[in-house]
Every structure is written in structure tokens, then in C-alpha cells.
Amino acid sequence: MIAYLKWKIIELQSNKVVILVNSGVGYEVLISELVYSNLQGLEEIELFIYHHRTENSQILFGFIEKEEKQIFEELIKVNGVWWKVALNILSIWILRLIEAIKTADNKTIESIKWIGKKWASKIILELKDSDVIKSYTNISWKNTENKEKHIDFSQKHQDVINTLVVMWYKKEDIEKTLAELPESISSINDIIPFVIKNI
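The following paragraphs examine the structure supplied in this document. Just so it is clear, the structure is predicted and the values come from calculations on it, not from any experiment. (Residues numbered from 1 in each chain as written. Predicted model: local features only at pLDDT ≥ 70, side-chain atom pairs only at ≥ 80, totals over all residues. Heavy atoms only, no water.)

## Looking at the side chain of T177
Now for step 1: As for its placement among the helices and strands, T177 is situated in helix α10 (residues 171-178).
Now for step 2: A residue is classified by how much of its surface remains accessible, and T177, at 5% relative accessible area, is buried.
Now for step 3: Only 2.9 Å separates the side chain of T177 from the backbone oxygen of D173, close enough to count as a polar contact.
Now for step 4: Leave out the neighbours within four places in its chain, and T177 touches F194, V195, N198 and I199. (Helix = DSSP H or I, 4+ residues; strand = E, 2+ residues; numbered from the N terminus. Buried < 20%, exposed > 50% of the residue type's maximum accessible area, 1.4 Å probe, protein only. Polar contact = N/O pair within 3.5 Å; in protein donor to acceptor, adjacent residues only side chain to side chain. Contact = heavy atoms within 4.5 Å.)

Here you go:
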């Protein structure tokens, strides 16, 4: 089973990345919109991998932090939540997702594409007592600041817009809020919750 990959990016799209390892083999890894935003402008990456295997296929899913992978694994255990929906849920900032589950914030979960009231309640109910949620204290987002040094400021804003549009926020509202963004907020993982809070 593949659990971790680190090497060069040879292709990056909003839903997948192809990683070339030093053996010369390229692995296609499916990713969330938020992971995509964090990989913009990078030449090399490291991802935690969830390796899904069936009799007929194998799929790799990539995550920046192990907590993301653990939550993904919990999400796909929920009856009716398949991997595409789980990745879409993880396109919301992970700290906000964990907080929403802990506080039974149905409205936040409902705001995610393909998730209505019924599924929001079910996800919160089934994940709130999971080990990854209960034991969660902090996510380091290691190397995030170093990675983001390579991303142009305007590109950051576009990545934020792309991510939040997927979550059904209106582009004009996002752009208006970004225009009021304080200079002290420069990290993508800080910009996204600021925009959501102030829309």
C-alpha cells in the first residue's frame, strides 16, 4: 500500500496531481480544491496518501496533513458519502470543518456543494465521536508558509476565489471581501476563513 509520496510535480489540475518519484514512475493522485490551492506554484511536494484498492481499480488520494487523510477515511465510512463527496467536503478549510463538527454547526456543513441538511446532520453525528476529531489539538500545516512564498499574491486571491466558488459562495461577494483584506493576513489558510467570516 502506498502511504506517502514526495518528489516532483509533472502535472497539476484542480482535482489531481501527477507526481514523478525518483524511480521514474509517475503517480496520479486525486486531491481536493484546498490541496490544489496549496500546491500552486510548487515544483516539488510531499503528500500523505490514502490508497483505495478494489478488485478492478486502484485510486490514490493525496493530503497535505495526516489529519486530512484521517478525516477523509472517516467521511467515506459514512453510508452514502463516496470519495468525490468526501474530497469536496475537504475543500472547506480543515480547521473550520473540525470546528463545525465539534460544535454541531449544521449550517457550515450544509454550505458545501452536494451536502444538504440530512447529510450535514448525519456527518456531524457519525464523526463527532471519532478519534481524529476528539483528539484534535492543532494542525501544523507544515511548510505552508514556505510553499506560499512561491505563489504570486494575485494567484493566491484567484485560488481563494476558486475554492470558495466550489463551496457555492458568490464570486462577487468573495472579490468584495478580498478587497478589504488586511495586509497582515497573507496565508491562504488565513485568507479563506477571513473571507467566509466576512461575507
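## Topic: unusual backbone geometry
Now for step 1: Phi angles above zero are rare outside glycine, and A104 is one such case at about 55°.
Now for step 2: By the element assignment, A104 lies in the loop between α4 (94-102) and α5 (106-110).
Now for step 3: For A104, a relative accessible area of 46% gives the class partly exposed.

## Details of the packing of α10 against helix α11 (residues 188-198)
Now for step 1: At a closest axis distance of 9 Å, the pairing of α10 and α11 adopts a crossing angle of 110°. What the angle tells us is that α10 and α11 run roughly perpendicular. α11 is crossed by α10, and the crossing has right-handed handedness. Judged by residue contacts, I174, T177 and L178 of α10 engage I191, F194, V195 and N198 from α11. (Axes fitted to C-alpha atoms, helices over the stretch in contact; angles between N-to-C directions. Parallel < 35°, antiparallel > 145°, perpendicular 65-115°, else oblique. Left-handed = near helix turned anticlockwise from the far one by under 90°.)

## Looking at the packing of aromatic side chains
Now for step 1: On inspection of all chains with the given rule, the structure shows seven aromatic pairs.
Now for step 2: An angle of 45° between the planes, with centres 5.1 Å apart, marks the rings of F63 and F72 as tilted.
Now for step 3: Judged by relative accessible area, F72 falls into the buried class, the value being 0%.
Now for step 4: Measuring from ring centre to ring centre gives 5.5 Å for W82 and W83, while their planes differ by 65°; the resulting arrangement is edge-to-face.
Now for step 5: Ring-pair connections join several aromatic residues into one group, and the members of that group are Y50, F61, F63, F72, W82 and W83. (Phe/Tyr/Trp six-rings, centres within 6.5 Å; stacked < 30°, edge-to-face > 60°.)

## A look at α11
It helps to recall that an α-helix has 3.6 residues per turn; residues three or four apart then point in one direction.
Now for step 1: Buried residues dominate α11, accounting for eight of its 11 residues.
Now for step 2: Among all positions in α11, only I188, N189, I191, I192, P193, F194, V195 and I196 are buried.

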